[in-house]
Amino acid sequence: MGSEKLRASIFQTTFNPTGARLGNNILRQRLRGPALAAYYPRRTATFSDLRKLYPGFETYDEFEEDRLEGVMITKSRGKGAPTKKRAAAESKKFQGKKRR
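Residues numbered from 1 in each chain as written. Predicted model: local features only at pLDDT ≥ 70, side-chain atom pairs only at ≥ 80, totals over all residues. Heavy atoms only, no water.

Asker: Help me understand the overall build of the chain, please; the structure alone is not making it clear to me.
Answerer: Along the chain, the regular secondary structure elements total 5 helices and 0 strands. Evaluated residue by residue, the chain yields a buried proportion of 3% over its 100 residues. (Helix = DSSP H or I, 4+ residues; strand = E, 2+ residues; numbered from the N terminus. Buried < 20%, exposed > 50% of the residue type's maximum accessible area, 1.4 Å probe, protein only.)

Right, here's the structure in full:
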């Protein structure tokens, strides 16, 4: 056991006589963060970013206007998303069974 400890200190390896899983092989791997950051393009400014920066400035987002118009059309036909419940008491889950 003494020679294993000495060998680990000479070759700069981890002394692990019990064979416990320490995760050293993962820690020795190259970091993936810089490669992932270089893969994705840089984020560009959007209309929402411009609105946040300049709240008094009038902007027109055509895609957002088209989306809102489509939502209004589907709601008028009765095909829109259902309204959200405001309290837990309104939910069917918490109402329980009705007794006769």
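Don't stop here, the text continues.
Asker: Hey, could you run me through the confidence of the model for the chain in this one?
Answerer: Should the pLDDT be low somewhere, the predicted coordinates at that spot are not to be read in detail. Per-residue pLDDT for the chain averages 85, and the proportion of residues at 70 or more is 87%. Taking the mean pLDDT of every element in the chain, the minimum, 84, falls on helix α2 (residues 24-28) and the maximum, 93, on helix α5 (residues 62-76). (pLDDT = per-residue confidence, 0-100.)

Asker: Quick question: what am I supposed to make of a negative patch on the surface here?
Answerer: Judged by side-chain charge, Glu62, Glu65, Asp66 and Glu69 come together as a negatively charged surface patch. Here Asp66 is to be found in helix α5. (Patch = residues over 30% accessible without salt bridge, like charges linked within 9 Å, V, L, I, M, F, W, Y side chains within 5 Å. Areas by Shrake-Rupley, 256 points an atom, 1.4 Å probe, with all protein chains shown as cover. Salt bridge = Lys/Arg side-chain N within 4 Å of Asp/Glu carboxyl O. Lys, Arg positive; Asp, Glu negative; His and termini not counted. Charge placed at Lys NZ, Arg CZ, Asp CG, Glu CD.)

Asker: What should I look at first to understand α5 in this one?
Answerer: Each α-helix turn comprises 3.6 residues. Residues three or four places apart therefore point the same way. The terminal C-alpha atoms of α5 lie 21 Å apart, and with 15 residues this matches the ideal 21 Å at 1.5 Å per residue to within 8%. Positive backbone phi, approximately 85°, marks Gly78, located one or two places after α5. (Expected span 1.5 Å × (residues − 1).)

Asker: I would appreciate a short explanation of the pattern of salt bridges in the present structure.
Answerer: If the charged atoms of two oppositely charged side chains come close together, the side chains can form a pair. For the structure on display, the rule yields 2 salt bridges. In this structure, Arg43 engages Asp49 in a salt bridge whose closest nitrogen and oxygen atoms are separated by 3.6 Å.

Asker: Before we go on, may I ask you to explain the side chain of Asp61 in this structure?
Answerer: Position of Asp61 relative to the elements: it lies in the loop between α4 (47-53) and α5. No salt bridge is formed by the buried Asp61. Its closest oppositely charged neighbour is Arg51, at 4.3 Å. When sequence neighbours within four positions are dropped, the list of residues in contact with Asp61 reads Phe47 and Arg51. (Contact = heavy atoms within 4.5 Å.)

Asker: Could you clarify how one ought to interpret a nonpolar patch on the surface in this entry?
Answerer: Judged by side-chain polarity, Phe47, Leu50, Leu53, Tyr54 and Phe57 come together as a nonpolar surface patch covering roughly 560 Å² of accessible area. Counting through the fold element by element, Phe57 comes out in the loop between α4 and α5. Assessed through its relative accessible area of 58%, Phe57 is described here as exposed.

Asker: Explanation requested: the environment of Arg51 in the structure shown.
Answerer: The residue Arg51 is located in helix α4 in this model. You can call Arg51 partly exposed: its relative accessible area is 36%. Setting aside residues up to four positions removed in sequence, Arg51 forms contacts with Thr59 and Asp61.

Asker: Would you explain unusual backbone geometry in this entry?
Answerer: The phi angle at Gln12 is positive, at roughly 55°, despite the residue not being glycine. Position of Gln12 relative to the elements: it lies in the loop between α1 (2-10) and α2.

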